[in-house]
Amino acid sequence: MTDEHPREDGPTEVVETEEGELIERLSGGTATLLLVWLIGVGALSTLLASWLFVWFVSGERLGVDALFGGFGIYTALAGAAGPCVLWLAGRAQGHSLGWFMLTAAKIALVMIGLVLVFIFAAALMMSGAVPGPGALLGAAVLAVGAVLLAQVWAIATWAADRWIARARLEP
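On a predicted model such as this, the values are computed, not experimentally measured, just so you know.

S.K.: Can you help me understand a nonpolar patch on the surface in this one?
M.R.: There is a patch of nonpolar side chains on the surface, built from Val64, Leu67 and Phe68 and spanning about 330 Å² of accessible area. Residue position: Leu67 is located in helix 2 (residues 64-68). Exposure remark for Leu67: the relative accessible area of 37% places this residue in the partly exposed category.

What follows is the structure, encoded as structure tokens:
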């Protein structure tokens, strides 16, 4: 067994492209498991973070209707994107946990930036006014929360990447 040849029963498989080139890719079962893992971690952690944010800011706890309504579905979809983008950025390259943590924080800050631009534009178009100074505090809380949440994504993604790398070559 060498680094050039994966295990026959491992998490990857060697396939031939249309051009006749041999490439290594994740097997169907591994890819499905990875996708469920990354989407689950991203969606559930983001739902929990959103629930806590609303509770801390407004003092109200979101109910089951919010979890299974539009708020919950769109929040879960947005959260699921974070670990998936992180996986695509760093897969199979042997990056350290620190790299995954820093990259996850950057991805989360870009996501929060997009949300804040949307909120700012909506406030401007709907009322003709810009958000007040309290919005800066809210934005800072969102940014700090997103960076902390991104560390969960980083650990989950790094762990999956390391597992695949080890399982690929172990006898």
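S.K.: Got a minute to help me understand the layout of surface pockets in this structure?
M.R.: A volume near 780 Å³ is recorded for the largest pocket. Along the wall of the largest pocket there are 26 residues; nearest its centre are Thr46, Ala49, Ser50, Ile112 and Leu142. For the lining of the largest pocket, the leading source of residues is helix 1 (residues 28-58), giving 9 residues. Considering only residue class, the lining of the largest pocket consists of 20 nonpolar, 6 polar and no charged. Looking at the second largest pocket, its volume works out to about 300 Å³.

S.K.: In this structure, what is going on with the nonpolar core? I would like to understand it.
M.R.: Proteins that are soluble and globular tend to have nonpolar side chains buried together. In terms of nonpolar packing, the biggest core is built from 13 residues, with Leu86, Ala104, Ala108, Ala150, Trp153 and Ala154 touching the most fellow members. Listed by contribution, the elements that provide at least two residues to this core are helix 4 (97-127) and helix 5 (133-169). For this core, the element with the highest residue contribution is helix 5, accounting for 6 residues. Contacts of Trp153, omitting those with residues within four sequence positions, involve Val41, Gly42, Ser45, Thr46, Gly79, Gly82, Pro83, Leu86, Ala108 and Met111. Core analysis: the second largest hydrophobic core is formed by 6 residues, Leu34, Leu38, Cys84 and Ile164 among them.

Calculation notes
- Residues numbered from 1 in each chain as written.
- Predicted model: local features only at pLDDT ≥ 70, side-chain atom pairs only at ≥ 80, totals over all residues.
- Heavy atoms only, no water.
- Patch = residues over 30% accessible without salt bridge, like charges linked within 9 Å, V, L, I, M, F, W, Y side chains within 5 Å.
- Areas by Shrake-Rupley, 256 points an atom, 1.4 Å probe, with all protein chains shown as cover.
- Salt bridge = Lys/Arg side-chain N within 4 Å of Asp/Glu carboxyl O.
- Helix = DSSP H or I, 4+ residues; strand = E, 2+ residues; numbered from the N terminus.
- Buried < 20%, exposed > 50% of the residue type's maximum accessible area, 1.4 Å probe, protein only.
- 1 Å grid on protein atoms, 1.4 Å probe; cavity = no way out; pocket = protein on both sides within 12 Å on 5 of 7 lines; lining within 4 Å.
- Points joined across faces, edges and corners; volume = space filled by probe spheres on them.
- Nonpolar A, V, L, I, M, F, W, Y, C, P; charged D, E, K, R; others polar.
- Core = buried A, V, L, I, M, F, W, Y, C linked by side-chain atoms within 4.5 Å.
- Contact = heavy atoms within 4.5 Å.

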